[in-house]
Every structure is written in structure tokens, then in C-alpha cells.
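The primary structure of each chain is shown beneath.
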Amino acid sequence: MAGIQWVNILISIGFLTAVGIALTLLLVIAEKRILNYGDCEIDINNGKKKLTVRGGSSLLSTLSDNGIFIPSACGGRGTCAYCKVSVLAGGGMLGPIERPSLTDDEIARGVRLSCQVKVRSDVAISIPDEIFSVRRFRATVVHKKPLTHDILELRLRLVEPPVIDFTAGQYIQLESREYRGREAVNRAYSMSSIPSDAGHVELIIRRVPEGICTTWIFDILQEGEEISLSGPYGEFRLTDTQAPAIFIAGGSGMAPIWAMLRRMREIKDPRPAWYFFGALTQRDLFFVEELRKLEGELGNFTFIPALSNEPPDTPWEGERGLITDVVRRRVPDLPGREAYLCGSPGMIDACVKTLVDLGVAREHIYFDKFA
Amino acid sequence: MEQFTSSIVLSILLIFASAAFTDNILLARFLGMCSVIGVSNRVNTSLGLGAAVIFVTVVTTAMNYAVYYYMLVPLGLEYLRLITFIVMIAAVTQLIEMIIERLSEGLYYSLGIFLPLITVNCAILGLSLFMLNKPYGFIQTLAFGGGGGFGWFLAIVLISGIREKIDEKRLPPGLAGPGITLIIIGIMALAFVGFSGMIKI
Amino acid sequence: MKRSPEESEILGNFTPSKFSGDGFLGTDPRTPQEIIVEDALELERAGIDAAAIGNALGVLFDRALQAMGAMIEIMPGVTARYHESRGVIPSPFRGEGAFEKGEVAVSGLPGFGDVILTRLSIHLIERHGFFQGRGQRYRIEPGAALMLARASVR
């Protein structure tokens, strides 16, 4: 009796194991045969660079595995829309996740979210040339210097690679770490350091209430700690024309302007320049002495701070009012003016409108929209 | 010979019809309701899920038939049918998901998320188990599986059509969602009771 | 109750993520649907629907935006000020795109004190009647929203 039961048990265990193994093998083989996309070629910028890769992963991760870093903030989930890439061929169908992040015009031009495009066959894409020089860096924090009650200057020393090659006006993506139950995130900050200081990166950062990254930078990050970043990104830069330049920025928006102005000092750029610094009250101003000093050092530079919320009875001698009103009052009436703006989309739109009203050509207005 | 084939065809049609209407797996047997309650708020998604379910029921009833009669019975392991069927269903669902992903991106996008849901659909396991109680051959089992799947498809599409037309804001707050869905299913089940006894298979 | 993968994913979007430190539910134990339904009852008693409120709040937001950080008075004793912030935040309802960051801080609202408006929170009210969970910064009590909406149409 006992002997027969043992045989039964062994048979049933053996059968189930066999079925389990057979099905697993079936699925593994099926996956290899069905979802195997083989080797695919990615053609970048019309032959400028060609990659041969294993198909099956997203365009974003495939490119990043090959040293080409498309910006991304959400880690490939399709929610941040930072990773837009122009796909000329081979991108497959437009997915439902991508659709809401793209305008009709972008879709017509073949723009896709690279984190949602799967590489299943040969693909041809077009990316801004700057992306080729994007690298990931490890750096250590040299100092965290408070500039106002809610703005600090972060200076980093690059460890690996030890130098960064960028032009004044570009930005980097900083990687915060997990803390207090909040996830690690990527956030963009413009570089305020100058390109010749290639071993360092300086950032001007304003605390965002309950912001995941800025809270980490202000409250948790210590001097001497290691931090990761990638860059340089962005097409915001000074032109070579040496035409009269109007700079408008406030708060952390000053970062790329600060880089541009100090670069102008370094190469003795002779163009006449005006910097309109919009702030709420006196306690929101910073770098005031340095900027006044620049007035003497640069051939033809005028620094115009403007306060929009300063109480009327204080001894402030400078401009008061909305930045657009101050610009209207004080902007020089010279031919061929160029403008460089950095700030929120609302501020930029208002300033662009004002400048165009004042006769500045729309195509000579350059900006880094905080978007 | 003609009579033979025509009687087979007739029996297949009858089996299909009984599985789809008089013995509707959702409305007469009340299986597979969880997916319906969760997913039936839009007709488009219901169409996609229903189509995938039909596909899976046909393939799994056929494969389970083969495994039961040619492996489990000879080895005397009928008592393992439950776990074997479940494992087969899971594997088949996974396979079908891979095939669809490869063959048609469009279909994968519209079905994609719902394919893994099918594995836990009790209607599929139910059909495989009910098949064992019937004296069917292989072709008839296919008709049974296809009919059962089609019946489920019909039910979920009808329910979602009704739900889309209902303005949930006018319901008492507690009834929105699962509450009203169950009531709809109940009323439809009453209607399908009218079919009972029509086909005796 | 079993949730479809779609619902689980949406619920996942409401909890803390890479874009929202406290998530959209805060310390509220209710699900988004429960919050929407309960807040909707309050709106029904007042006789205005969420879409109209969202619209009016949007008008208010734009007014504060135009002041570019300067304080504006929306009604006697109640001020609003816009704070800019770089970047975008995606809607927790998949497929609705991402919204500019930046908030309008309203102070001195009788009975409610400080209220924060963002483009995303206004969109959630307008489109879904979702005022967000209690215990986090961006919840707008329906009563406060009603008061602000009435002020904005003056």
C-alpha cells in the first residue's frame, strides 16, 4: 500500500515539474525567436554617426548605453517629455503614451519621445549636435554659498571626467539622491561658471517650496559630498555679432547671464551691454557689488537693478516697478540690438512683447525658457 | 457521408450557440466577472479585451483537452488538472502577448495592458474545466471554447455599452462603478435566463 | 476589490514620485475617487460645477502671473503672488501631458488662510473635479476655491 502511494507522489511531482520546465523552455525559446530584433543600425544626423546595436530596448536607453545622453527627468516612463528626438525613419507607430506630449506640428515632423520608441529595426534620427558632447560627470561639492534668503551658489569640482567643455549659457542636469522617502530626480540648472574654469561647475539655485531637488541641495547636501550630473545641454548662447546686448533676468535666472558677462570680461568683448536685474525687494538682490565692478571693467556695461515690491518709503535709489516697465523706460534705442532673456515662460513672453514693441527684431531675441 | 458531415456541422453550431447564449459563461455561470467590473467602462477597451479572451479560450481549451486526455488520464493524474490548466493558461497568455507585440504594434498598444489580465480571468479556467464534463471530441471542444469566449465577449461589450450611456453623476453616490455594474449584470442575466432550456446539449 | 492594471498604475501616479514629493494624496487615507465624490457633494450644495471653478481660478492665476512676482490684491485683505520655478510636472492622469511649474501663493483668505494654486492643480479641478488629498501643500478646499472663483470674476 505505502509503496504504491510513493510511486503516485513521484509521478505527479515528476509530471508537474516536467510541464513547468517544458512551458518555461517554450516561453524562453519563444521570446528569443519572437522578440529578437537582431542587430539594428541607428543612423544619427544623416550619417554623421552610425551605431550598430541589439534591438529590443528603447531608443533612449540604447543611445545612452552607447554614450549619447538624451535628457530625461522621469527615467523613461514617458511623463516628462524631456527626451524628444526627431525620428526620420524606423520609429514604428506613435504610442498612446507619447501622443499628449507632442504638438501636431512635432508629430508631422517625426518628433517622438525616445523613451517610448522601441528599436526594432534600422532607425534614422536627428539630434542637436550639442548632444554629442554631453557626458556624465562625478563631482564633489566645493561650497554652498548663500546669496539671499532663498538663493545659494553651488560650486562643484569635477572628478571624472575632470573637465567640461561648454559655452556660456548652457545648462546641466543635476542628479539628487533619495532622502526622507523622496525619489532620486534629475533637474536642470544653468551654469554660472565660465568655460575657462573647465574643472568646475557653478550653479545659482533658488529654493522651491517642497521642491524635491532644491530641498535636498539646501538641507541635505554637504560640502565635500559627491554628486552626479550630465551636460552640457542647451542652445542659449552669446552671438558672435558684438551687437548691443540687452540682458534681462532675475533670481536664479541670472546664472547663464552671469556666465556670459564674465566671459565677455575675459575675452574683452567690446559690445555695449545692459543688464536688467528684476527682483522683488532689496533682500532679493545679490552680486550687486560684483556687477557694479563689472561696469568699470567692461568697456560699455550698465547694470540696472529693478525692484517690483519694494515699499515706497525705503531709501532705495534704483529703479522701481515691473521689469517690463523699467525696460521700456531705460532700454537704449540703438540699431541691431540683441536681447538675452532667462526666466519663467510668463516673464519671457512679457519681455519679448515689450522688446518687440520697442523695435527689437524678434529673431534677435534669445531666451532660455524655464520649461 | 453527407449526413455525417452535416450532423457534425450542426452539432458544432449547436455547441457554439449553447456556450455563447444559453450557457453564457458570464451571465449564466457568473464567471469572469472581476475583469468585467474593472474594465467595462469603455466600449473600445471591452472590444479589445473580449477579442483577446476569445483567442485565449480557443487555444487553451484545445491545449488543455490534449494535455488532459493524452497525458493526465493515461498517467492517472486527473487530480492534477486544476494546477496543470492554470499553468497552461498562464503560458499561453504570455505567448500570445509576445506574438501580438511582434506582429502588430497597433494591436499590442490597444490590447497590451489587458493581455496579462486574462490569466486571472476565471472564465477561462472555468471553460477548460466544464469541457471535461462534456462528451466532446476535439473539434467540438474548439467550438465549445470559441462559443464560451464569444459569449463572454458579447456580455462585456453589451455591459460596457450600457455603462457608457449611463450618466453616473445621477446615481446615488455609493452605486457608481462596481455597484451599478453588478445591477446591470444581474438584469442582463435575467434576460439570458429566457434562453435556458432552448438547446439541450 | 481587484484593481485593473490601469487603475493600479493611476493610483501609483498619485503617490510620491519623481515629480511630486508628497504626491497628490498627502496624508489622506481616501482614494482619488472618494475625494472627488465627497468634494463634488460640497460643490453641488453651492450650485457651481468644478469646470467653472477651474476656469475662474485660471483667470486668477494669469492675473498673478502677469504681475511677475509682485503682490496683487484680489479682494480686500487677500493678496496673491506668483513664484516661478523651472521645469514641468506631468498630470497623474496618464495622457494629459505636463504642466509648467510655478505657483501662486494666496494669503489672508478668510476661514482658509493660505492657499497655493498651480497650473496642474487648476487643471485637475477643471478637468476631473479633483481638489487633491488633505495633508499636502497643494490641496485646495472646495470652499476656498469657491471664494476665489467668485473674486476672480469681479
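This text goes with the structure placed above it.
The model shown is predicted, which means the values in this text are computed figures rather than measured ones.

Asker: Is there a simple way to explain the packing of aromatic side chains in this structure?
Answerer: Any two aromatic rings considered together are summarised by their centre-to-centre distance and by the angle between their planes. Applying the stated criterion across every chain, the model contains 22 aromatic pairs over all chains. With 6.2 Å between their ring centres and 80° between their planes, Phe61(C) and Tyr82(C) make a pair best called edge-to-face. Residue Phe61(C) is located in helix H3 (residues 50-66), and its partner Tyr82(C) is located in strand E2 (residues 78-83); the two are separated by 21 residues in the primary sequence. In this structure Tyr82(C) comes out as buried when scored by relative accessible area, which is 6%. Members of the aromatic cluster, joined through ring pairs, are Trp258(A), Tyr275(A), Phe277(A), Phe286(A), Phe287(A) and Phe303(A). When the ring centre of Tyr171(A) is taken as reference, the NZ or CZ atom of Arg86(C) above it lies at 5.1 Å.

Asker: I keep staring at the interface of chain A and chain C and nothing clicks. Help me out?
Answerer: By a widespread convention, an interface's size corresponds to the accessible area lost as its parts come together. At the junction of the two partners, chain A supplies 38 residues and chain C supplies 33 residues. At the surface where chain A touches chain C, the tally comes to 1 salt bridge. Among the salt bridges present, the one from Asp368(A) reaches Arg86(C), with a minimum N-O distance of 3.4 Å. Counting across the interface, chain A meets chain C through 4 residue pairs in polar contact (both at pLDDT 80 or more). Listed by contribution, the elements that provide at least two residues to the side of chain A that touches chain C are strand E9 (186-190), helix H7 (323-330) and helix H8 (345-357) of chain A. Grouping the constituent residues of the side of chain A that touches chain C by class yields 22 nonpolar, 9 polar and 7 charged.

Asker: Would you take a moment to explain the pairing of strand E10 (residues 200-206) of chain A for this structure?
Answerer: The side chains of a regular strand alternate between the sheet's two faces. All names here are of chain A. With respect to burial, E10 is a largely interior element, 6 of its 7 residues being buried. Summarising the sheet, strand E7 (residues 151-160) and E10 pair through 7 bridges and their orientation is antiparallel. Paired with Arg157 across the two strands is His200, which belongs to E10.

Asker: Even after reading the chapter, I still don't get the interface of chain A and chain B, so can you show me in this structure?
Answerer: Taken together, the 22 residues of chain A in the interface contact 21 residues of chain B. Summing the contributions of chain A and of chain B, the shared interface buries around 1900 Å²; its carbon and sulfur component is 76%. Where chain A meets chain B, there are 0 salt bridges. Counting every contact that joins chain A to chain B gives 1 residue pair in polar contact (both at pLDDT 80 or more). For the side of chain A that touches chain B, the class distribution of residues is 12 nonpolar, 6 polar and 4 charged.

Asker: Even after reading the chapter, I still don't get the pattern of salt bridges, so can you show me in this structure?
Answerer: Opposite charge on two side chains permits them to pair, given that their charged atoms come into close proximity. All names here are of chain A. If you walk through the whole model with that rule in mind, you get 37 salt bridges over all chains. The salt bridge involving Arg207 is made with Asp219; its shortest N-O contact spans 2.8 Å. Of the two residues, Arg207 is situated in the loop between E10 and helix H4 (212-220) and Asp219 in helix H4; the sequence distance between them amounts to 12 residues. Of the residues examined, Arg207 reaches a relative accessible area of 32% and is grouped as partly exposed. Here Glu319 makes a salt bridge to Arg330, at a shortest N to O gap of 2.8 Å. With Glu319 in strand E15 (residues 319-320) and Arg330 in helix H7, the pair connects residues that are 11 residues apart, well separated along the chain. Residues joined in a network through salt bridges with shared partners are Arg155, Asp197, Glu202 and Arg262.

The rules behind these values
- Residues numbered from 1 in each chain as written.
- Chains lettered and ligands numbered in written order.
- Predicted model: local features only at pLDDT ≥ 70, side-chain atom pairs only at ≥ 80, totals over all residues.
- Heavy atoms only, no water.
- Phe/Tyr/Trp six-rings, centres within 6.5 Å; stacked < 30°, edge-to-face > 60°.
- Helix = DSSP H or I, 4+ residues; strand = E, 2+ residues; numbered from the N terminus.
- Buried < 20%, exposed > 50% of the residue type's maximum accessible area, 1.4 Å probe, protein only.
- Lys NZ or Arg CZ within 6 Å of the ring centre and 35° of its normal.
- Contact = heavy atoms within 4.5 Å.
- Salt bridge = Lys/Arg side-chain N within 4 Å of Asp/Glu carboxyl O.
- Polar contact = N/O pair within 3.5 Å; in protein donor to acceptor, adjacent residues only side chain to side chain.
- Nonpolar A, V, L, I, M, F, W, Y, C, P; charged D, E, K, R; others polar.
- Pairing = 2+ DSSP bridges.
- Buried area = accessible area lost by both parts, 1.4 Å probe.

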